[in-house]
Amino acid sequence: MRFGLKALLLALALVAGPYAAHAVTPDEILPDPALESRARAISAELRCMVCQNQSIDDSNAELAKDLRVLVRERLKAGDTDEEVLDFVVARYGEFVLLKPRLEPRTILLWSFPVLILLIGGGFLIVSARRRTAAQIPPLSDEERRRLDELMRDGGA
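Residues numbered from 1 in each chain as written. Predicted model: local features only at pLDDT ≥ 70, side-chain atom pairs only at ≥ 80, totals over all residues. Heavy atoms only, no water.

1. Things to note about the overall build of the protein
Tallying secondary structure elements over the protein gives 6 helices and 0 strands in all. The buried share of the protein, taken over its 156 residues, is 22%. Within the protein, residue pairs in contact and separated by at least 24 positions form 50% of the contacts whose partners lie at least 6 positions apart. Entry remark: accessible area of the protein is about 11600 Å², with carbon and sulfur atoms responsible for 65%. (Helix = DSSP H or I, 4+ residues; strand = E, 2+ residues; numbered from the N terminus. Buried < 20%, exposed > 50% of the residue type's maximum accessible area, 1.4 Å probe, protein only. Contact = heavy atoms within 4.5 Å. Areas by Shrake-Rupley, 256 points an atom, 1.4 Å probe, with all protein chains shown as cover.)

Put into structure tokens, the structure is as follows:
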């Protein structure tokens, strides 16, 4: 009997787990499903300033709740998704975005992984060439004598 209860609780936790991840409370949900869907999509792009590695949709922090309410208010007022994001970024800065925008000031951030790969690849190529050059043994006296003969005779 105990195994059955544990299995049931485990199954319930696995099924309910993904739903528990969202911190949106019923009083925040918009009656219009299309607007609510847009609100959820925007909330998934915004970082909780308290938790920092969670979206505001997943965070239980008060600031995250305030941001979720703000997003929904802006959508109800008729703002586009981009206008809502611009409004929040204007208030809280670029850091509020989980995925920073590609702009001149963030180009280094976006290009950093590529730069690291290029530097690492260059390092590997240089070290491989050094290793290959170090593995070639010097010519023996007999080989050096034979090479000198070939060079004098013009290779014939």
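2. Observations concerning the packing of helix α3 (residues 62-76) against helix α4 (residues 81-92)
At a closest axis distance of 10 Å, the pairing of α3 and α4 adopts a crossing angle of 140°. When the axis of α3 is compared with that of α4, the two are oblique. In the crossing of α3 with α4, the sense of the turn from one axis to the other is right-handed. Facing α3, whose interface residues are L63, L67, L70, V71, R74 and L75, α4 presents D81, V84, F87, V88, R91 and Y92. For the contact of α3 with α4, the residue count by class is 9 nonpolar, no polar and 3 charged. (Axes fitted to C-alpha atoms, helices over the stretch in contact; angles between N-to-C directions. Parallel < 35°, antiparallel > 145°, perpendicular 65-115°, else oblique. Left-handed = near helix turned anticlockwise from the far one by under 90°. Nonpolar A, V, L, I, M, F, W, Y, C, P; charged D, E, K, R; others polar.)

3. Regarding the packing of aromatic side chains
Going through the model one piece at a time under the given rule, you end up with 0 aromatic pairs. Sitting above the plane of the F95 ring, R47 keeps its charged end 4.4 Å from the centroid. The ring centre of F87 lies 3.8 Å from the NZ or CZ of R74, which sits over that ring. (Phe/Tyr/Trp six-rings, centres within 6.5 Å; stacked < 30°, edge-to-face > 60°. Lys NZ or Arg CZ within 6 Å of the ring centre and 35° of its normal.)

4. A closer look at the UniProt feature "transmembrane region" (unreviewed entry) in the protein
In the numbering used here, UniProt assigns the "transmembrane region" (unreviewed entry) feature to residues 107-126. Taken end to end, residues 107-126 comprises 100% helix and 0% strand; its first and last C-alpha atoms sit 28 Å apart. (UniProt positions renumbered as here; feature names shortened; annotations may be inferred.)

5. Quick look at the environment of D79
Of note, D79 is situated in the loop between α3 and α4. On the accessibility criterion, D79 (13% relative accessible area) is buried. Those residues within four positions of D79 in sequence are excluded, and the remaining contacts are R38, R74 and V84. A distance of 2.7 Å separates a polar atom in the side chain of D79 from a polar atom in the side chain of R74. (Polar contact = N/O pair within 3.5 Å; in protein donor to acceptor, adjacent residues only side chain to side chain.)

6. Remarks on the nonpolar core
Residues I42, L46, I56, V71 and L75 are the most contacted members of the largest nonpolar core, which totals 19 residues. With 5 residues, the single largest contributor to this core is α3. Among residues more than four places away in sequence, those in contact with L75 are L35, R38, A39, I42, D81 and V84. (Core = buried A, V, L, I, M, F, W, Y, C linked by side-chain atoms within 4.5 Å.)

7. Remarks on the packing of helix α2 (residues 33-45) against α3
Helix-helix packing is characterised by the crossing angle of the two axes and by the distance between the axes. Orientation of α2 relative to α3, taken along the N-to-C sense of each, is 135°, at an axis distance of 10 Å. When the axis of α2 is compared with that of α3, the two are oblique. Viewed along their axes, α2 and α3 form a crossing whose handedness is right-handed. Where α2 approaches α3, its residues L35, E36, R38, A39, R40, I42 and S43 are matched on the opposing element by R68, V71, R72, L75 and K76. Classifying every residue of the contact of α2 with α3 gives 5 nonpolar, 1 polar and 6 charged.

8. Section: the pattern of salt bridges
In this structure the tally under the stated criterion is 8 salt bridges. Note that R40 and D57 form a salt bridge whose closest N and O atoms lie 3.9 Å from each other. Of this pair, R40 sits in helix α2 while D57 sits in the loop between α2 and α3, and the two are 17 residues apart along the sequence. E142 is paired through a salt bridge with R145; the nearest N and O atoms lie 2.3 Å apart. In this pair, E142 and R145 both sit in helix α6 (residues 141-153), 3 residues apart, roughly one turn of the helix. In the salt-bridge network here, residues are joined through shared partners; they are E36, R40, D57 and R72. (Salt bridge = Lys/Arg side-chain N within 4 Å of Asp/Glu carboxyl O.)

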